[in-house]
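# Coordinate inspection notes
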Amino acid sequence: MSKKDHQEHVIPLMVYLAVGAALLVLTVITVAVSYVNLGPFNLVVAIGIATFKAMLVALFFMHLLYDNKLFMAVFLSGLMFLGVFIILTMFDTMKRDMIYDEVAKPINPKAVIYQESAPPTDQTGGQQ
Amino acid sequence: MNIIPEKNYLTYPKGLKSWLFTLDHKRIGLMYLFAIMFFFLVGGIFALMIRLELFSPGKDIVSADTYNQLFTLHGAIMIFLFIIPSIPASLGNLILPLMLGAKDVAFPRLNLASWYIYVFGAMFAVYSMIAGAADTGWTFYTPYSIETNTAVISLTTGAFILGFSSIFTGLNFLVTIHKLRAPGMTWFKMPLFVWGLYATSIIQVVATPVLGITLLLLILERVAGIGIFNPALGGDPVLFQHFFWFYSHPAVYIMILPGMAIISELISVHSHKKIFGYKVIAYSSLAIAFISFLVWGHHMFVSGQSELAGMIFSFLTFFVGVPSGIKVFNWVATLYKGAVRFTTPMLYTFAFLILFSIGGLTGIFLGALSVDVHLHDTYFVVAHFHYTMMGGTVIAFFAGLHHWWPKIWGRMYNERIAKITAVLVFIGFNLTFIPQFIMGAHGMPRRYYDYLPQFQGMHELSTYGAYLLGFAFTIMAVYLIHSIFKGKPAGNNPWGGLTLEWQTTSPPDPHNFHEVPVWTHGPYDYDKIKVTPDLEKELETA
């Protein structure tokens, strides 16, 4: 069974060369685009090209396209968990003052810790 | 009369070298068992010292700085060196291949490597104790972990290395479960212990690398001054908490899922009743594994994360209650009209049901955003955590240990003493942690060295409970070690289990089975197959 699977994995040399050429071309495009100011899309374009290149490497050089689909599922689930991590974290970091304005002020301005004469350490602070 | 086979994995091959270079999953599991029990003892001693210090307000036995180091080490050792490897690496290694009818795990060398990496990581942790133990708490929160002069780097390096050991075990189990099941054992004919370990392994493989990256970033910031978490350098301290909990929340399911897996197994075997709702229990393990990745922000409600994120995480947190509740109801339903035997493993199983339910339900309180704002960082959280992790996982671990002990050693412990000990553990545990719920609800903050006199009574009760627990565990150690040498031979199937590990000898042959076993029935088909436990046969013939 494994022998037959292995046979199917042989990819024509032309495919490798074509993918390699595509990667080089995309690298040139990445460098070229960096000289053009696209405003907010600078990052989007650069990441987009990089993602596409990574996809080519994974699909062809790493044989993900031809292998058992389980491996593809495992790979994609890894990406999915990364996505979950980044997106849910961004719900915090991008939205910090969405509902309430972020203003720093003492909860109780008369508290000991805010008095000039208070001792420099705050060891008593927690016991109140 | 039960006899112990002369050639078994304990006696053959002989010599220290045959143990240190063994590729046998049973021996590696046993080496893990000794290692984690050692660290359970160390972490336990730290816990007893913490409780002694808190017996009365003010200084009792240690200084405030030492106290901070004690609770950090208690947490870090119990989490990274004991509870995460506890069930998968010891009982999982010992039992999983037997249950699947396999000769070994899929990658025996990787398995041995994981044990050595564990020992290597443990050495870093021990070194950090000598070199000025860290005082950050086991969570290593920035910015304090960047500033403190204690040995943060060596402890985090230890945790970083231990992560690899955990990943290796998880990876090994995933491949073993996919590839080495006995002929006839389809996915939905696997024992539920296997399903639980499968879900655990997924989390180990997916989440642990994030902990590695987090700790590495922390070390980089400390050593090289690269601004990731420090606002003065353009970093974000709350980001550390996101990184940390993205691993560490799923990690609590790395701890509890194998515990649930053991309970699913034991409740059926010791009541000789087909498990109720096999498929939903299996699916709920996977559901817990998945949902565990979506709820980490509930540790951060008062950290300064955005209110929107707080609301989303609070909402998502409630979903975890669903699969956990499904499991508890199914376990209870399994008991209905079963032939319940009040054996030691079953007593621990009942303790688990009660303690885990309390732990789980108080988790719902804490998952509610508005309630958590008040309870956050109080002893209520400490009690909740210990009810799930100790009342859940550790109790389940002891249930499993007593259940498979006769398989591992071929000998039985003294059941009478074991049952009394189980009751002592249950009482000691509740005496330790119920007062902590009460004083937490009254506002006693966690991790404090000193406290107001009004909390003294509760702290005293909690300390008495902790020492009762310590006493009970000492008895357990004595009767278990005694049984290794003097215990009565237990027979191949002392409890009357139907899964494959009971079909081989006790202790098992070095190669597990003489022939490849064929799996012809479900793991809990007590409605179709009548089996008398060897222990009861003994009683009948006597």
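Since the structure is predicted, the reported quantities are computational estimates derived from the model, not experimental observations.

### Digging into the overall build of chain A
Secondary structure summary: chain A contains four helices and zero strands in total. Counting from the amino terminus, chain A carries its helices and strands in the arrangement α-α-α-α. Sorting the 128 residues of chain A into buried and exposed places 2% on the buried side. Taking contacts inside chain A between residues at least 6 apart in sequence as the whole, the part at least 24 apart equals 42%.

### Quick notes on the overall build of chain B
Summing up its helical and strand segments, chain B has 16 helices and two strands in all. Expected size for 542 residues packed as a compact globule is a radius of gyration near 24 Å; at 23 Å, chain B falls within 12% of this value. Its C-alpha atoms give chain B principal-axis dimensions of roughly 70 × 45 × 45 Å. Sorting the 542 residues of chain B into buried and exposed places 55% on the buried side. Across chain B, contacts joining residues at least 24 apart in sequence account for 85% of those joining residues at least 6 apart.

### Quick notes on the environment of V518 of chain B
All names here are of chain B. Structurally, the position occupied by V518 is in the loop between strand 2 (488-489) and helix 16 (534-541). Here the alpha-carbon distance between V518 and P183, two residues 335 residues apart in the chain, equals 5.3 Å. If we skip the residues at most four places from it in the chain, V518 touches A182, P183 and G184.

### Brief notes about helix 3 (residues 64-100) of chain B
Residues and elements named next belong to chain B. Over its 37 residues, helix 3 extends 51 Å from the first C-alpha to the last, a length consistent with the 54 Å expected when each residue adds 1.5 Å. At S86, helix 3 shows its strongest bend, of approximately 65°, with the proline P88 following within four residues. In terms of residue burial, helix 3 counts as a mostly covered element, since 33 of its 37 residues are buried. Phi turns positive, to about 80°, at G101, one or two residues after helix 3.

### A short note on the interface of chain A and chain B
Contact with chain A, which involves 16 residues of that partner, is made by 17 residues of chain B. Class assignment for the residues of the side of chain A that touches chain B results in eight nonpolar, five polar and three charged.

### As for the packing of helix 9 (residues 278-291) of chain B against helix 10 (residues 307-335) of chain B
When two helices pack together, you describe them by how their axes are tilted relative to each other and by the distance separating the axes. All names here are of chain B. Interaxial distance between helix 9 and helix 10 falls to 9 Å at its minimum, and their mutual angle equals 155°. Compared by their axis directions, helix 9 and helix 10 come out roughly antiparallel. Crossing hand, helix 9 versus helix 10: left-handed. Contact residues: helix 9 offers V280, I281, S284, A287, I288 and I291, while helix 10 offers F319, V320, P323, S324, I326, K327 and N330. For the contact of helix 9 with helix 10, the residue count by class is nine nonpolar, three polar and one charged.

### A closer look at the confidence of the model for chain B
Per-residue confidence for chain B gives a mean pLDDT of 94; residues scoring 70 or more make up 99%. Both scores are available for the predicted complex, with the pTM at 0.91 and the ipTM at 0.84.

### Side note on the confidence of the model for chain A
Any region with low pLDDT has predicted coordinates that should not be read closely. Residues and elements named next belong to chain A. Summary statistics for chain A give a mean pLDDT of 82 and a share of 83% for residues scoring 70 or more. Here helix 1 (residues 2-8) stands out as the least confident element of chain A, with mean pLDDT 50; helix 2 (residues 13-33) is the most confident, with 94. Note that residues 1-6 has pLDDT below 50 and, in this model, zero contacts with residues that lie over four places away or in other chains. Counted against residues more than four places away or in other chains, residues 122-128, with its pLDDT under 50, gives six contacts.

### Comments concerning the environment of L23 of chain B
Residue and element names in this part refer to chain B. Residue placement: L23 occurs in the loop between helix 1 (16-20) and helix 2 (25-53). Distance from L23 to V105, taken between C-alpha atoms, is 9.4 Å for residues 82 residues apart in sequence. Among residues more than four places away in sequence, those in contact with L23 are D104, P108, R109 and L112.

Procedures and definitions
- Residues numbered from 1 in each chain as written.
- Chains lettered and ligands numbered in written order.
- Predicted model: local features only at pLDDT ≥ 70, side-chain atom pairs only at ≥ 80, totals over all residues.
- Helix = DSSP H or I, 4+ residues; strand = E, 2+ residues; numbered from the N terminus.
- Buried ≥ 20, exposed ≤ 12 C-beta atoms within 10 Å, placed from the backbone.
- Contact = placed C-beta atoms within 7 Å.
- Rg over C-alpha atoms; globule rule 2.2 N^0.38 Å.
- Expected span 1.5 Å × (residues − 1).
- Bend = angle between axes of the 7 residues up to and from the residue.
- Nonpolar A, V, L, I, M, F, W, Y, C, P; charged D, E, K, R; others polar.
- Axes fitted to C-alpha atoms, helices over the stretch in contact; angles between N-to-C directions.
- Parallel < 35°, antiparallel > 145°, perpendicular 65-115°, else oblique.
- Left-handed = near helix turned anticlockwise from the far one by under 90°.
- pLDDT = per-residue confidence, 0-100.

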